Amino acid sequence: MIEPFLLPLQEGGIPVADDPVILAFGAAYLLIVVLIGVWGYMQTNTTSDFLITGKSVGTWVLAMTAFSVIQSGFGFVGGPELVYAFGTTALWIFFTAPLGFLITWVVLAKRMRLLADVRNVLTLADGMYVRYESDWVRGLTGFAVAVGVIAYLATNLAALQYVMRAIFGIPVIWGLLGGAFILLAYSVLGGMIAGVWTDFLQAITMIVGAAFVFAYALSFGGGMGGISRNLASADPQLISPFGALGTASGAAFVAIGWWILFSIGAAGQPHLITKFYMSRSLKILRWGAPIAAISYAISSLIAFSAGLSMRAQVEAGAIQETFSASEVGPVFVLAYTPSVVAGLILAALLAAIMSTSDSFLNIGAAAISRDIPRAMGRPIQDDKTELRVTQGALVALTVLSTGVVFYSDALVGILGTIGWGFFAAAFVPIAVLGLNWKGATKEGAIASIVGGLLVNVLYSAVPMVAEVAGFGGFAAGVLAFYPFVEGFPVGTVALLVAIVLFIGVSLATQDRADNALPADLHALLER
């Protein structure tokens, strides 16, 4: 999800359950996933079924799948890591993300669903083509989705291999290959129909598991009073309003950056906002936002409680720090909770990674089989053929991402920097502003996508490539021109740049005759 989640666990330090109860939970979950995939295959007849479930999803399933694809495995691996390392700084992410659901629902839910009624849209690029009537916008949107999906999928597979090792005790390479094969099997078979029901199962499991972990973690840490005292004695900033990341003023600035990225940026995540196409009707959208927001907040208790209680016990000398920050979640669950709870949480983590990866696979495959060919003027006309090409693209994306993880951990990290921030910068302006402002133009959309990409590449990917290649001085030179304090998310900078470009270029070009709003969208933008 974000960069700290990308830090890989070392094989030697990965805790292995070696417990028949946990093994049974993991095996049962994988069997259920495959069965859901087979059932989804029996329900899938068209590309619409495969990509947006034929507009058949109800309120609870829509809300749960929206929450689960955003939470991903980050809540169990990256979340406790951030809280353990920086204290309450990380809470600006977890308590901001629920607000992101509310913002996204308000500004996009109804308009995205109406767009699916007005025109035949199945992907985000479809919707943006309808809004701007530009193949350039469609093509850039499809390209951005495909690149971002490879980044996300590679990082999820990198996490999956370690989870498989923790549950089943198998070597990491077999965890990678076995996990990728199971993911591919149910994704190709069931498409989004299988994905949303797996998401629903995963969401329920994570909520129940989070409640148990929260209770055990508070007890383990000596209650919030004991946790606070131990952390304050080690470093008062660990329990300060902005945490221990940098100076007090710097931490506040960083916290604001994360707030912007995870509240406003949620509305630019294609794996979230395309879920609105699936809604059975407009009426069921009303309660989706609070359900998703509350569910995310509950699931975040895993990161909050495990990270703080483990750090408090280390600082108090009650336990030894024989683990890295990225191993805090697995170590706590396996060492300090009963087998049933540990099995439930690890199954939920497995579900989180796989269900999120399935969503990424579907939108990425659609970008390759539908969006980019249409942008180039070579659409696939036959629906059955398009469905088969989409399934073939799923295979290609899985193989490519698996290869990236296998051959280059460094490359996984570089691709991962695109992630959430890249999607936010690329799609918040063109989707949120574009569907709420009649003055938005295709030139503004193109400028914002390209501008957001360039900022992310310049300040994230280029320094990492230079560092890996041994050009640390060059990387330091690039970052010397970074206009914000250390720790301020590059994605937020890219998002703000993209918004400014979108508004500025749109204002400069909106009087052109070819930028007139399509007639059937006037009513949609007025709602």
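Note on numbering: residues in each chain are counted from 1, in written sequence order. Where totals are concerned, whole chains, interfaces and linings use all residues; where local detail is concerned, this predicted model gives features only for residues with pLDDT of at least 70, and gives and counts side-chain atom pairs only at 80 or more. Derived side-chain values reflect all non-hydrogen atoms in the structure, with water molecules and hydrogen atoms excluded from consideration.

### Considerations on the overall build of the chain
Check the secondary structure of the chain and you find 23 helices and 0 strands. With a 1.4 Å probe rolled over the protein chains alone, any residue whose accessible area is under 20% of its type maximum counts as buried; one over 50% counts as exposed, and the rest are partly exposed. Residues counted as buried form 61% of the 527 residues belonging to the chain. Within the chain, contacts between residues separated by at least 24 positions form 85% of all contacts whose residues are at least 6 apart in sequence. We get accessible surface area from the Shrake-Rupley algorithm with a probe of 1.4 Å; when it comes to residues, only the shown protein chains can shield them. Within the structure as shown, the chain displays about 18,900 Å² of accessible surface, and the carbon and sulfur contribution to it stands at 68%. By definition, any uninterrupted DSSP run of H or I lasting at least four residues is a helix, any uninterrupted run of E lasting at least two residues is a strand, and each is numbered from the N terminus. Whether two residues are in contact is decided by their heavy atoms: any pair within 4.5 Å suffices.

### Observations concerning unusual backbone geometry
Despite not being glycine, Glu133 has its phi angle at roughly 50°, a positive value. Here Glu133 lies in the loop between helix H7 (124-132) and helix H8 (135-168).

### Overview of the packing of helix H3 (residues 59-71) against helix H13 (residues 288-299)
The contact between H3 and H13 brings their axes to 8 Å, and the two run at 40°. The angle between H3 and H13 places the two elements in the oblique class. Judged by the twist between their axes, the crossing of H3 over H13 is right-handed. On the side of H3, the interface is formed by Thr59, Trp60, Ala63, Met64, Phe67, Ile70 and Gln71, while H13 contributes Gly288, Ile291, Ala292, Ser295, Tyr296 and Ser299. Its residues assigned to classes, the contact of H3 with H13 shows 8 nonpolar, 5 polar and no charged. Under this scheme, a helix contributes an axis fitted over its contacting stretch, all axes are lines through C-alpha atoms, and angles between N-to-C directions fall in the 0 to 180 degree range. Should an angle fall under 35 degrees it is taken as roughly parallel, and over 145 as roughly antiparallel, whereas 65 to 115 is taken as roughly perpendicular and any remaining angle as oblique. It is the rotation of the near helix from the far one that decides the hand of a crossing: anticlockwise by less than a right angle makes it left-handed, clockwise makes it right-handed. Residues are grouped as follows: nonpolar covers Ala, Val, Leu, Ile, Met, Phe, Trp, Tyr, Cys and Pro; charged covers Asp, Glu, Lys and Arg; every other residue, Gly included, is treated as polar.

### Remarks on the packing of aromatic side chains
Centres within 6.5 Å are what make two rings of Phe, Tyr or Trp a pair, Trp counting through its six-membered ring; a difference in plane orientation under 30 degrees is then read as stacked, over 60 as edge-to-face, and the rest as tilted. Throughout the structure, instances matching the rule amount to 11 aromatic pairs. Seen from their ring centres, Phe220 and Tyr336 are 4.4 Å apart, and the 35° between their planes marks the pair as tilted. In this pair, Phe220 sits in helix H9 (residues 172-221) while Tyr336 sits in helix H15 (residues 328-336), placing the two residues 116 residues apart along the sequence. Between Trp437 and Phe502, the aromatic rings sit 6.2 Å apart at their centres with planes inclined by 65°, giving edge-to-face as the arrangement. With a gap of 65 residues between them, Trp437 in the loop between helix H19 (419-433) and helix H20 (442-468) and Phe502 in helix H22 (residues 490-509) connect regions that are remote in the sequence. We classify Trp437 as partly exposed; its relative accessible area is 26%.

### As for the side chain of Gln161
Its place among the elements puts Gln161 in helix H8. Apart from residues lying up to four places away in sequence, Gln161 is in contact with Val172, Gly175, Leu176 and Val405.

### Considering the pattern of salt bridges
Each salt bridge in this description consists of a side-chain nitrogen of Lys or Arg and a carboxyl oxygen of Asp or Glu lying within 4 Å of one another. Going through the model one piece at a time under the given rule, you end up with 4 salt bridges. A salt bridge links Asp126 to Arg138; its shortest N-O distance comes to 3.0 Å. With Asp126 in helix H7 and Arg138 in helix H8, this pair connects stretches of sequence that are 12 residues apart. Each of the two residues, Asp126 as well as Arg138, counts as buried. Taking the shortest distance from any N to any O, the salt bridge between Glu315 and Arg311 comes out at 2.8 Å. With Glu315 and Arg311 both in helix H14 (residues 301-316) and 4 residues apart, this pair spans about one turn of that helix. What makes Arg311 buried here is its relative accessible area of 16%. One salt-bridge network, held together by shared partners, links Asp126, Asp135, Arg138 and Arg370.

### Regarding the side chain of Arg370
Take Arg370: it is sitting in helix H16 (residues 339-375). Residue Arg370 is classed as buried on the basis of its relative accessible area, which comes to 2%. Under this definition, polar contacts are N or O atom pairs within 3.5 Å; protein pairs additionally need one hydrogen-donor-capable and one acceptor-capable atom, and for neighbouring residues in sequence, both atoms have to be side-chain atoms. A distance of 2.5 Å separates the side chain of Arg370 from the side chain of Asp126, its partner in a polar contact. Apart from residues no more than four positions distant in its own chain, Arg370 is found in contact with Asn120, Leu122, Thr123, Asp126 and Glu386.

### Observations concerning the environment of Ile264
Positionally, Ile264 belongs in the loop between helix H11 (248-263) and helix H12 (270-273). Separated by 163 residues in the primary sequence, Ile264 and Phe101 have C-alpha atoms spaced 9.1 Å apart. With sequence-adjacent residues up to four places away left out, Ile264 is seen in contact with Trp259, Val428 and Leu495.

### Thoughts on the confidence of the model for the chain
Should pLDDT be low for a region, the predicted coordinates there are not to be read in detail. Confidence scores per residue from the predictor, reported as pLDDT, run from 0 to 100. For the chain, mean pLDDT is 79; residues scoring 70 or higher make up 83% of the total. Mean pLDDT across the elements of the chain bottoms out in helix H2 (residues 47-52) (56) and peaks in H22 (93). This stretch, residues 1-10, has a pLDDT under 50; its non-local contacts, to residues over four places away or in other chains, come to 35 contacts.

### Here we look at H19
How far a helix is expected to stretch is found by multiplying one less than its residue total by 1.5 Å. With 15 residues, H19 should reach 21 Å at 1.5 Å per residue; the first-to-last C-alpha distance of 21 Å fits that figure. We define the bend at each residue as the angle formed by axes fitted to the 7 residues ending at it and the 7 residues starting at it. Within H19, the axis deviates most sharply at Phe427, by approximately 45°, and proline Pro429 lies no more than four positions further along.

### Description of the nonpolar core
What is meant by a nonpolar core is a set of buried Ala, Val, Leu, Ile, Met, Phe, Trp, Tyr and Cys residues, joined one to another through side-chain atoms within 4.5 Å. Phe101, Trp105, Leu108 and Met310 are the most contacted members of the largest nonpolar core, which totals 135 residues. Leave out the neighbours within four places in its chain, and Leu108 touches Ala267, Ile273, Phe276, Ala431, Val432 and Leu435. Counting 9 residues, the second-largest nonpolar core is a separate cluster that includes Val455, Phe488, Val493 and Ala498.

### Let's talk about the environment of Ala289
As for its placement among the helices and strands, Ala289 is situated in helix H13. Overall, the relative accessible area of 7% leaves Ala289 in the buried class. Taking the C-alpha atoms as reference points, Ala289 and Leu102, separated by 187 residues in sequence, lie 5.2 Å from one another.

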